[in-house]
Each structure stands twice: as C-alpha cells, then as structure tokens.
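# Structure at a glance
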Amino acid sequence: MLRIAIQKSGRLSQESLDLIMECNIKVNNGKGKLKSNAVNFPMEILYLRDDDIPGYVADHVADIGIAGLNVVLEKGKNNRVVMQLGFSKCRLCLAIPKEIDYDGLEFFSGKNIATSYPNLTEGYLKEKGIKADIHEISGSVEIAPGIGLADAICDIVSSGSTLISNGLKEVETIMSSEAVLIANADLPAEKEMILEQFLFRINAVQKAKSFKYILLNAPNDKIDQIIDILPGMKSPTVVPLAMEGWSSLHSVINEEKFWEIIDHLKQAGAQGILVVPIEKMIL
Ligand code: ATP
Ligand code: ZN
C-alpha cells in the first residue's frame, strides 16, 4: 500500500486527482473526506493542506505527495523530487510598489520584505550578498506594501494580475515552480515497487498528452515524400486502400509540430487527414 498526500482544496487539488485517475486508478470520491482508498491499485489518498505535505512525507505519514516545488523547497525537508508534473506553473518573485524606480537588487538592502517564503527569500538574497528584513506572513502578502507593513514582497505569481491590481510590479524572479511528485527518501522495497508502477503510468499518460495519432490517405507515388515529413516514432504504418494506387498512412506526431506538419502534408498530396488523441503511450 502506497500513501499519497494531495491538496485537499486549492489550486493543485483537481489536477492532482485527475492525474491519479488518468493513470486508471479509481478512487472512492473523497469530497470532504480526510482519506480514501483506490479500488484497483494499492494506493491510499490523504487530503491535506499543501504546506503540510512535504513534512508529512518526510515523517512517513504519507509515502509520496504532490505539492508545488515552491512549497517543497521552502520546507526544505529531506524528500526526493521524483517527477515534474507540468501543471500549476508559477514563479516566486520579488515585487515593489509600481511608482518606485528600481535599479537592481541593492534596492532591497535594509528593506522590509513580506513573504510566505522566508527561507527561499532569505537564501536568494544571501547568495546575492543583500541583507534585508524578512517578515513572514501567511496569506494576502500582496496587500502588505499598500498598508505600510512592508516595502516589498516576495510571492508566487502566475499571470501577474494580482500584483498589478495591488499597485505592485515584479522586479526579480527567484525561482520557477510547478507541481512535483515527491517521495520519502527512504521507502521500503515494497512501496518503492508500487511507486515505480505509478511513475510508469504517469509517464505513459504524460507522453500520450504531447502526441497525436495521425491517419491520412496518399497516392502511392507520394508515400516516400510524406514519410520524410512525418517525424514518427518509427517508420509509419502503410496500409493499401481498396482504391488502386492509394494507401493509408498511420503515425504518431508531436502535438507542438502539428500545424506545421499538416501544411506540408497537404502540399505533398495527403488527403483525408485524421488526428486523434492518444490515451496512453508506452515506448
Ligand atoms: P492550502 O489551503 O492547501 O494551504 P494555499 O492557499 O496555500 O492552499 P493554493 O493557492 O491552492 O495554496 O496554491 C497551491 C500551489 O499552487 C502554490 O503553492 C503554487 O505552487 C501553485 N500556484 C500556481 N499558480 C498560483 C498562483 N497564481 N498563486 C498562488 N499559487 C499558485
Ligand atoms: Zn498552503
């Protein structure tokens, strides 16, 4: 049995649960519950505040967990970051009132900085040789300068709209963050094996998300040219059509290259192009 801790309610909750379910792990819905069991995989899910997840994983209350890298590094527990999950992307930034001229990090010398990330803020400034007064506050950090509580803040930003609506501007980025899967540094072999299976499934789901399955028809004399355009995993499958002189080609393409390739395919004479999602991909 592997215990995973995920955020109970917040920005990480839905995507953490989605990830588990996309791995075909069925969960007795845990709305309002503290924990629930998976029915077809040896996994138990604990629903916690995100800030508590690194600590509980380090203390063996949970074996693994999903949290923002910002929280994981701030807590500084002895856990392993086993996978980047690609969602809840944001950055930790220093921001100051927008009307103040900013001419570099020296600005922060001797200033009061409000933050929920005192360790990361202090570590960053120390590395740059800057001494500032760091005040830890939890929640609504962005209002601190406006009410005279601080000269600057260090906080999580994604679009930046919260900063703007509080009259602040971002001046330095301390780190980029996204949701990560963490694991206790010292799991028993049996749990390590379940973790491997879980990672294998996440990998298959993540790979599948960035690729599409493509099917198209082409005259036989154009097949070589089209194969050159398709950056498939291996050589594409070619199946003859009932219509004399034509074939159907099947391949897998990277979603990012998709539109670029589609144009080239059409120019090369491809017809009836179908692009379909892939559910799982195991290489
Ligand atoms: P909890 O009640 O569990 O303590 P919280 O209010 O501390 O929740 P959320 O606001 O749900 O936390 O954010 C959780 C994580 O989502 C953050 O630590 C960060 O990694 C990520 N995140 C992504 N975008 C943003 C954003 N715009 N603002 C805040 N956090 C963000
Ligand atoms: Zn939190």
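Basis of the calculations
Residues numbered from 1 in each chain as written. Chains lettered and ligands numbered in written order. Predicted model: local features only at pLDDT ≥ 70, side-chain atom pairs only at ≥ 80, totals over all residues. Heavy atoms only, no water. Donors = N, O, S within 2.8 Å, 3.2 Å for Na, K, Ca; no water. Tetrahedral: all angles 85-135°; square planar, octahedral: opposite > 155°, others 65-115°. Buried < 20%, exposed > 50% of the residue type's maximum accessible area, 1.4 Å probe, protein only. Helix = DSSP H or I, 4+ residues; strand = E, 2+ residues; numbered from the N terminus. Arc of directions from axis to C-beta. Contact = heavy atoms within 4.5 Å. Salt bridge = Lys/Arg side-chain N within 4 Å of Asp/Glu carboxyl O. Near = heavy atom within 4 Å. Areas by Shrake-Rupley, 256 points an atom, 1.4 Å probe, with all protein chains shown as cover. 1 Å grid on protein atoms, 1.4 Å probe; cavity = no way out; pocket = protein on both sides within 12 Å on 5 of 7 lines; lining within 4 Å. Sits in = over half its atoms within 2 Å of the grid points. Nonpolar A, V, L, I, M, F, W, Y, C, P; charged D, E, K, R; others polar. Domains from an automatic or database assignment. Patch = residues over 30% accessible without salt bridge, like charges linked within 9 Å, V, L, I, M, F, W, Y side chains within 5 Å.

### Topic: the coordination of the zinc ion (ligand 2)
Around the zinc ion (ligand 2), the protein supplies D50 (OD) and D51 (OD) as donor atoms, at distances of 1.9 to 2.1 Å. Viewed at the metal, the four donor atoms of the zinc ion (ligand 2) are separated by angles of 74 to 170°, and the geometry they form is irregular. Given a relative accessible area of 16%, D50 falls into the buried group. The class of D51 is partly exposed, set by a relative accessible area of 27%.

### What to know about helix 1 (residues 13-22)
Looking at helix 1, one finds that the buried residues are S13, S16, L17, L19 and I20. One side of helix 1 holds all its buried residues, which, seen down the axis, span an arc of 155°. On its buried face, helix 1 is in contact with strand 1 (2-7), strand 3 (43-48), strand 4 (64-68) and helix 6 (189-209). Phi turns positive one or two residues past the end of helix 1, at N24, with a value near 65°.

### Some details on the pattern of salt bridges
Tallied over the entire structure, the rule returns nine salt bridges. For R3, the salt bridge identified is with E44, shortest N-O distance 2.5 Å. Taken together, the residues R3 in strand 1 and E44 in strand 3 connect sequence positions 41 residues apart. A residue is classified by how much of its surface remains accessible, and E44, at 11% relative accessible area, is buried. Between E192 and R80 there is a salt bridge, with its nearest N and O atoms 3.2 Å apart.

### As for the site of ligand 1
Close to ligand 1 lie 15 residues, the nearest being Q7, R11, D51, N70 and S158. Contact with the protein chains removes 75% of the 630 Å² of surface that ligand 1 exposes when unbound. When atoms are counted within 2 Å of each cavity's grid points, the one that captures over half of ligand 1 is the largest pocket. Partitioning the shell around ligand 1 into residue classes produces five nonpolar, six polar and four charged. Here the shell around ligand 1 spans two domains, and each of domain 1 (2-86 + 178-208) and domain 2 (90-177) adds at least three residues to it.

### What to know about a nonpolar patch on the surface
Taken together, I143, I147 and L149 make up a surface patch of nonpolar side chains, about 280 Å² in accessible area. Here I147 is to be found in the loop between strand 8 (133-136) and strand 9 (152-157). For I147, a relative accessible area of 57% gives the class exposed.

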